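Understanding the architecture of this molecule
Each chain is listed here by its residues.
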Amino acid sequence: MINIKEDEKLSVLNHSCAHLLAQAVKHLYPKALFWVGPVIEDGFYYDIDLGDITLTDEDLPKIEKEMKKIAKDGKRIVREEISKSEALERFKNDPYKIDLIERMNEDEEVISCYTQGDFTDLCRGPHVESVKELKHFKLIKSSGAYFKGDSKNKVLQRIYGICFETEEDLNKYLEYLEECKMRDHRKIGREQELFMSHNLVGSGMPLWLPNGALIRKQLENYIYDKERRLGYLHVYTPCVGTVDLYKTSGHWDHYKENMFPVMKVDEEEFVLRPMNCPHHMLIYKNSLHSYRDLPIRIGEAATDFRYEASGAVKGLERVRCMCQNDAHLFVRPDQIGEEFKKVVGLILDVYKDFGITNYKFRLSLRDPEDTEKYFDDDQMWNEAENTLRQVLDSMDIDYFEAIGEAAFYGPKLDVEVKPAVGPEVTLSTCQLDFLLPRRFDLSYIASNGEKQVPVVIHRAIFGTFDRFTAFFIEECKGAFPTWLAPTQVAVMPVSAEHQGEYAKEIADFLSDNDIRVKLDDRNEKLGYRLREAQTSKIPYTLILGDNEKNDKTISYRLYGKKETTTVTKEEFLKLLKQEIENKACNKEM
Ligand code: TSB
Ligand code: ZN
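Structure report, in brief. Predicted, not measured: the structure shown is a model, and the values here were computed from it.

Focus: the overall build of the protein chain
Looking only at helices and strands, the protein chain has 18 helices and 28 strands in total. Dimensions of the protein chain along its principal axes, counting C-alpha atoms only, are 80 × 80 × 55 Å. Classification of the 589 residues of the protein chain by burial places 51% in the buried group. Carbon and sulfur atoms make up 47% of the accessible area of the protein chain, which amounts to about 29500 Å² in all.

Given below as structure tokens:
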């Protein structure tokens, strides 16, 4: 999608449109006062003080209409440069503008105003020549925003809008917005009862409802099986640790701002864990290891808590309580390349299963200047970073490098996935770590009988089940492939009276064979029940009439299709089992 801020022409157009918005608001709400109205990636907004009035999205068409009227009137937009004292005098009744002017230094910057008809705003500019040029705009939404972004301050009304040069561009953007709305995992999550949140539990703390939990369980089983086949050993560990644990790992010094505050219990100080590495290190340390035992791969579907700013929290995508598909691989230095390669191979394998094709590998390196975040061992960093480069090159994988994005314990490979709509998300990660094994004093006995320190690879293939589920809901628009769908088959007699018993028999048969079935024998018209199954995006619907009952067959219809196919129940089960076994993904996505 276009970034308005980076397009000079569109940026000016949108900035002028923000002024047009303010002017229209002033006409409709004469007491309105204006704070700032910047251009953003997707358009502009203006923060407005409307006193006791709270705007809703329903008020936007009225404001838009006034904007159109002013634009049609076609006043010129005139720039004027004034001194600080003049500015203070001119805006003396406007505390917001006075706040801005007082922070300006007239020796360093020119103070300028822009006037269009009866409206003047303090502004750096530039602007278009006349409001006539503002033709193809739309107000998108209104919301509250704290003055200066501080929750102690008053809430202002923020109105978002966007302006384009042509009607066609505007329509294209509005279609895109519609598509975003349709795919939004929060909307689908509500409709399909996948997850919820509640202010009594807290923001960023999702509650997975039965349907969502079912999907998550499938994902957990799926990755667990793959990992087990690759020699991972799975564990369970508590989601708290003592402050000392995180002091030992270094998270206390380097990651504290992302952690929940300390809880004191008796004489111990606990934190909710933000990462699972320290727990897995202690499990490794619990027994002696020889060089022949390595690699040791410790995996866990592990719950973590991180402080995320309240404005950043979003559905399941960015949460404060998350479950990582985590593992820590304890390897000898000579095994790093091979083991790293296997992780990348697993990422590619999983992405193939889920039909994920649009992604980029980001090699996150340290910033050598940042000696506070990154431990000081040039040789170690260079070696680690080069190993990662070599592996990627040997696998013919394209990647880009990001300086300063490494974890405090080592360089990492992150995978940025481009969703069907919206910005990229980081799902998988694979991180090299020479530091934590030392801090935990880990060792193995080398072939010469000496104690050696292992290297640790931290990796999460899904990232978190939360973020992955959010991503996948949006990819498949809630039409889950059969193996993930909470309900796999809806069974419907044409009439409950005539084929009700037969329908129950078929539903029981499927259910006894581990298929997730919903029998819909309500006394509603077939058309109505069929539509409902479509809305719920159930992959298969069985329609059972007299023919099916007499012939001992079933007729099935696939989600999104009109045609029906008639087979025996055994044939249908076989087909279903095969599809589930193959973890086939819908190609509708
Ligand atoms: C891989 N110690 C490593 C682990 O061993 C670790 O914690 N890495 S991480 O910090 O990069 O987190 C792993 C993954 O969690 C990220 O790649 C990202 O996909 C996911 N993630 C991070 N923060 C959030 C969040 N707030 N909400 C949902 N998922 C998140
Ligand atoms: Zn880790």
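Let's talk about unusual backbone geometry
A cis amide bond, omega -5°, links glycine 125 with the succeeding residue proline 126. A cis amide bond, omega 0°, links leucine 294 with the succeeding residue proline 295. Tracing the chain through its elements places proline 295 in the loop between helix 10 (277–285) and strand 15 (296–305). For aspartate 396, which is not glycine, the phi torsion reads 60° and is therefore positive. Residue position: aspartate 396 is located in the loop between helix 12 (378–394) and strand 18 (399–403). A residue is classified by how much of its surface remains accessible, and aspartate 396, at 72% relative accessible area, is exposed. Even without a glycine there, the phi angle at aspartate 514 is positive, about 70°. Structurally, the position occupied by aspartate 514 is in the loop between helix 15 (496–512) and strand 25 (517–519).

Focus: the packing of aromatic side chains
Using the criterion set out here, one finds 29 aromatic pairs in the structure. When the ring of phenylalanine 354 is compared with that of phenylalanine 468, the centres are 5.0 Å apart and the planes differ by 80°; the resulting orientation is edge-to-face. Here the residue phenylalanine 354 occupies a position in the loop between helix 11 (336–353) and strand 17 (359–365), and phenylalanine 468 occupies one in helix 14 (residues 465–476), the gap between them amounting to 114 residues. For the pair formed by phenylalanine 354 and phenylalanine 468, the shared burial category is buried. One residue, arginine 158, lies across the ring of tyrosine 45, its end atom 3.8 Å from the ring centre. The aromatic ring of tryptophan 208 is capped on one face by arginine 216, whose charged end is 4.9 Å from the ring centroid.

Some points on the site of ligand 1
Lining the immediate environment of ligand 1, one finds 22 residues, of which Glu308, Asp326, Thr426, Leu427 and Thr464 sit closest. Valine 319 places a main-chain nitrogen or oxygen 2.9 Å from a nitrogen atom of ligand 1. Note that an oxygen atom of ligand 1 is positioned 2.9 Å from one of the backbone N or O atoms of leucine 427. For ligand 1, whose free accessible area comes to 610 Å², the fraction covered by protein is 94%. Of all the elements in the fold, those that place two or more residues in the shell around ligand 1 are strand 16 (321–331), strand 20 (425–433) and strand 23 (455–464). Among the elements that make up the shell around ligand 1, the one with the highest residue count is strand 23 (5 residues). Of the residues in the shell around ligand 1, the class split is 7 nonpolar, 8 polar and 7 charged.

Observations regarding the pairing of strand 16
A large share of strand 16 lies buried, amounting to 11 of its 11 residues. The two faces of strand 16 match: Cys321, Cys323, Asn325, Ala327, Leu329 and Val331 on one face and Met322, Gln324, Asp326, His328 and Phe330 on the other face are all buried. In the sheet, strand 15 pairs with strand 16 via 10 bridges, with the strands oriented antiparallel. Looking at strand 16, one finds that alanine 302 is bridged to glutamine 324. Two elements, strand 16 and strand 23, share 7 bridges in a ladder whose sense is antiparallel. Looking at the pairing, leucine 329 lines up with isoleucine 457 of strand 23.

Considering the coordination of the zinc ion (ligand 2)
At this site the zinc ion (ligand 2) is bound by Cys277 (SG), His328 (NE2) and His458 (ND1), with donor distances of 2.1 to 2.4 Å. In primary-sequence terms, the residues that donate to the zinc ion (ligand 2) follow C-x50-H-x129-H. One end of the pair, cysteine 277, is in helix 10; the other, histidine 328, is in strand 16, with 51 residues separating them in the sequence. Considered together, cysteine 277 and histidine 328 belong to a single accessibility category, that of buried residues.

Comments concerning the sheet that holds strand 6 (residues 119–122)
An order of 4-5-6 is seen for the 3 strands of this open sheet, with the pairing classed as antiparallel. Taken across any chain shown, the strands that pair with only one partner, and hence form the sheet edges, are strand 4 (78–82) and strand 6. Neighbouring strand axes in the sheet, compared pairwise and without regard to direction, differ in orientation by 25° on average. Examined bridge by bridge, strand 4 and strand 5 (residues 111–116) share 5 bridges and lie antiparallel to one another. Residue pairing for strand 5: glutamate 81 is matched across the bridge by serine 112. Those strands touched by helix 1 (residues 8–28) are strand 5 and strand 6, and its axis lies near 130° from that of strand 6.

A short note on the environment of lysine 68
Tracing the sequence through the fold places lysine 68 in helix 2 (residues 60–73). Residues lysine 68 and histidine 136, spaced 68 residues apart in sequence, show a C-alpha to C-alpha distance of 9.4 Å. In this structure, lysine 68 is in contact with Lys135 and Phe137, ignoring residues within four places of it in sequence.

Here we look at the sheet that holds strand 25
A sheet is described by the order of its strands in space; here 5 strands give the open sequence 25-24-26-27-28, paired in mixed fashion. A strand with exactly one partner marks an edge of an open sheet, and here the two such strands are strand 25 and strand 28 (564–567). Direction aside, neighbouring strands of the sheet carry axes that sit 25° apart on average. The sheet contact formed by strand 24 (residues 489–493) and strand 26 (residues 540–544) spans 5 bridges and is parallel. What sits directly across from proline 493, in strand 26, is leucine 544. This element, helix 15, spans strand 24, strand 25, strand 26 and strand 27 (554–558) of the sheet and lies at about 155° to strand 24. Strands in contact with helix 16 (residues 526–535) are strand 24, strand 26 and strand 27; relative to strand 24, the strand with the most contacts, it is inclined by about 180°.

The rules behind these values
Residues numbered from 1 in each chain as written. Chains lettered and ligands numbered in written order. Predicted model: local features only at pLDDT ≥ 70, side-chain atom pairs only at ≥ 80, totals over all residues. Heavy atoms only, no water. Helix = DSSP H or I, 4+ residues; strand = E, 2+ residues; numbered from the N terminus. Buried < 20%, exposed > 50% of the residue type's maximum accessible area, 1.4 Å probe, protein only. Areas by Shrake-Rupley, 256 points an atom, 1.4 Å probe, with all protein chains shown as cover. Phe/Tyr/Trp six-rings, centres within 6.5 Å; stacked < 30°, edge-to-face > 60°. Lys NZ or Arg CZ within 6 Å of the ring centre and 35° of its normal. Near = heavy atom within 4 Å. Polar contact = N/O pair within 3.5 Å; in protein donor to acceptor, adjacent residues only side chain to side chain. Nonpolar A, V, L, I, M, F, W, Y, C, P; charged D, E, K, R; others polar. Pairing = 2+ DSSP bridges. Donors = N, O, S within 2.8 Å, 3.2 Å for Na, K, Ca; no water. Axes fitted to C-alpha atoms, helices over the stretch in contact; angles between N-to-C directions. Contact = heavy atoms within 4.5 Å.

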